[in-house]
Structure formats: C-alpha cells, structure tokens
Amino acid sequence: MSPHPSAPPWVPPAESFADEKLARGLVAGDEACLTAAYHRWSALVHTLAWRSLGDAREAEDVTQQVFLGVWHGRRGYRPERGTIAGWIVGITKRKIADALTARTRRADLVSSAGAALALSEPAEQRPEAVLDQVLVRDGLARLPAPQQRVLRLTFYEDLTQTQIAERTGLPLGTVKSHARRGLHQLRRCLRQEMYA
C-alpha cells in the first residue's frame, strides 16, 4: 500500500539521527556542521535555484546566499517545526523569490531607462549599457556636490583633472581628492545597487 501523498518521505533512522546531530551542532555555532550541511544539501539548493531561475550563475549566487542565511539564521531553526533539510529548502525558496524580485526590478529599470533615454541615446544601444548609465547617474546624484561636479566633468565632458582645475578654479590636489573620494563612494553605491 502506498503512503498518503502528503506524508513525508521515509528517512532511515541513522540518517535522521545524523541530521539531528548536524542541526544541533549548527545551532551551537559549529562551523564544521555548516560545512557538512553545505556538502550534503548544496546540490539540492543549486538544482532548485537553477530550475527556478534558469541561470547557472544566479543559481550559484542563490546557493551561497542560502548557506550564509543558514549560518546567520541558525538560532532560528526549530526542530519541532520540521527537519533541517526542510528548513534549508524554505530558505532556498525565499532566496529564489528575492532573486526573481531583483531580476524584475532590474528589468523594470532597464525598460524605464530605455524609454527615458530613447531620445538621447542611439537606438541600437544594448539594454545592459542603458542600465549601467542609469545606475551611474543615480550614484552620481547621491555624491556631495563637489565630488559630483568633478566626476561629471570627467565622465560627460571628458576633461582631464588639470582641465577641471582650470575650469573650476580648484587646486589640482583638491580635484584629485574629489575624484578619488567620489569614485570610491560611487563604486560602493553601484555595488550595493547591483546586489540589492
């Protein structure tokens, strides 16, 4: 007689005990248990992510995020609510949903950027380049005014730092300092935006 369709699959007692021991060690902060959990369930997590996202690189990112989530959220695991494997699959589903949301947000941004830039940009420009331009413009807008001005003159008017100093009346050292700080902050903004 076959089991009820909603019944959980039968797990051998030894495997079930090993899972419980692994879960206890993980909750206690044993990094070896995290490594063991990764070796045991990363292929399952990656497969679930790849099937949902259809992209191997995104699936790898989700897999890493899942096990970071396992480690950071380990104290939230409650064995009375289900198995460690079920808990990890639950985290996987949330991370996949986050990745799909981020993908939709990027697509919406590309679409709106394409519409906004249609008059000023060549029609054959790739959507990725449009997205990059929007992200850079947004990042520039967040910088302090002096850094923003120096970087705009650099990017959009193709001026050297010496030419910027002559045009603005700022000392060359100040221009270099604004450029360096501005680029560092812009890079940080772009990194946060890409991984948001």
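Conventions adopted
Residues numbered from 1 in each chain as written. Predicted model: local features only at pLDDT ≥ 70, side-chain atom pairs only at ≥ 80, totals over all residues. Heavy atoms only, no water. Phe/Tyr/Trp six-rings, centres within 6.5 Å; stacked < 30°, edge-to-face > 60°. Helix = DSSP H or I, 4+ residues; strand = E, 2+ residues; numbered from the N terminus. Buried < 20%, exposed > 50% of the residue type's maximum accessible area, 1.4 Å probe, protein only. Core = buried A, V, L, I, M, F, W, Y, C linked by side-chain atoms within 4.5 Å. Contact = heavy atoms within 4.5 Å. Arc of directions from axis to C-beta. Patch = residues over 30% accessible without salt bridge, like charges linked within 9 Å, V, L, I, M, F, W, Y side chains within 5 Å. Areas by Shrake-Rupley, 256 points an atom, 1.4 Å probe, with all protein chains shown as cover. Salt bridge = Lys/Arg side-chain N within 4 Å of Asp/Glu carboxyl O. pLDDT = per-residue confidence, 0-100. Axes fitted to C-alpha atoms, helices over the stretch in contact; angles between N-to-C directions. Left-handed = near helix turned anticlockwise from the far one by under 90°. Nonpolar A, V, L, I, M, F, W, Y, C, P; charged D, E, K, R; others polar.

### A closer look at the packing of aromatic side chains
Next, step 1: Going through the model one piece at a time under the given rule, you end up with two aromatic pairs.
Next, step 2: Here the aromatic rings of Tyr38 and Phe67 are separated by 5.0 Å at their centres, their planes lie at 70 degrees, and the arrangement is edge-to-face. Remark: Phe67 occurs in helix α3 (residues 56-72) and Tyr38 occurs in helix α2 (residues 31-53); sequence separation between them is 29 residues.
Next, step 3: Look at Phe67 and you get buried, because its relative accessible area is 6%.
Next, step 4: Summarising the aromatic geometry, the rings of Tyr77 and Trp87 are spaced 5.3 Å apart at their centres and angled 55 degrees between planes, so their arrangement reads as tilted. Of the two residues, Tyr77 is situated in the loop between α3 and α4 (84-117) and Trp87 in helix α4; the sequence distance between them amounts to 10 residues.
Next, step 5: Classification of Tyr77 as buried rests on a relative accessible area of 8%.

### So, the nonpolar core
Next, step 1: One finds Phe67, Val70 and Ile88 to be the most contacted residues of the largest nonpolar core, which totals 24 residues.
Next, step 2: For Ile88, the contacting residues outside a window of four places in its chain are Trp41, Val45, Val66, Phe67 and Val70.
Next, step 3: Residues Leu143, Val150, Leu153 and Leu159 belong to the second largest nonpolar core, which totals 11 residues.

### What about helix α7 (residues 161-168)?
Next, step 1: All of the buried residues along α7 are Ile164, Ala165 and Thr168. With its buried residues spanning 100 degrees around the axis, α7 presents them on a single face.
Next, step 2: In the stretch just after α7, Gly169 is the one whose phi turns positive, near 80 degrees.

### Remarks on a nonpolar patch on the surface
Next, step 1: Nonpolar side chains collect at one region of the surface, where Phe155, Tyr156 and Leu183 lie side by side and expose about 280 Å² of accessible area between them.
Next, step 2: Within the secondary structure, Phe155 is located in helix α6 (residues 145-157).

### A word on the confidence of the model for the protein chain
Next, step 1: The pLDDT averaged across the protein chain works out to 78; a share of 72% of its residues lies at or above 70.
Next, step 2: Across the protein chain, element-level confidence peaks in α2 with a mean pLDDT of 93 and bottoms out in helix α5 (residues 127-141) with 67.
Next, step 3: This model gives residues 1-14 a pLDDT under 50, and the stretch forms one contact once residues within four places in sequence are excluded.
Next, step 4: Low pLDDT, under 50, characterises residues 116-121; the predicted model gives this stretch six contacts beyond four residues in sequence or across chains.

### Digging into the packing of α2 against α3
Two measures define how a pair of helices packs: the angle their axes make with one another and the distance between the axes.
Next, step 1: At a closest axis distance of 8 Å, the pairing of α2 and α3 adopts a crossing angle of 140 degrees. Once α2 is placed against α3, the crossing between them reads as right-handed. When α2 is examined against α3, the residues Glu31, Leu34, Ala37, Tyr38, Trp41, Ser42, Val45, His46, Ala49, Trp50 and Leu53 are found in contact with a partner set consisting of Ala56, Glu58, Ala59, Glu60, Val62, Thr63, Val66, Phe67, Val70 and Trp71.
Next, step 2: Each residue belonging to the contact of α2 with α3 can be placed in one class, and the counts come to 15 nonpolar, three polar and three charged.

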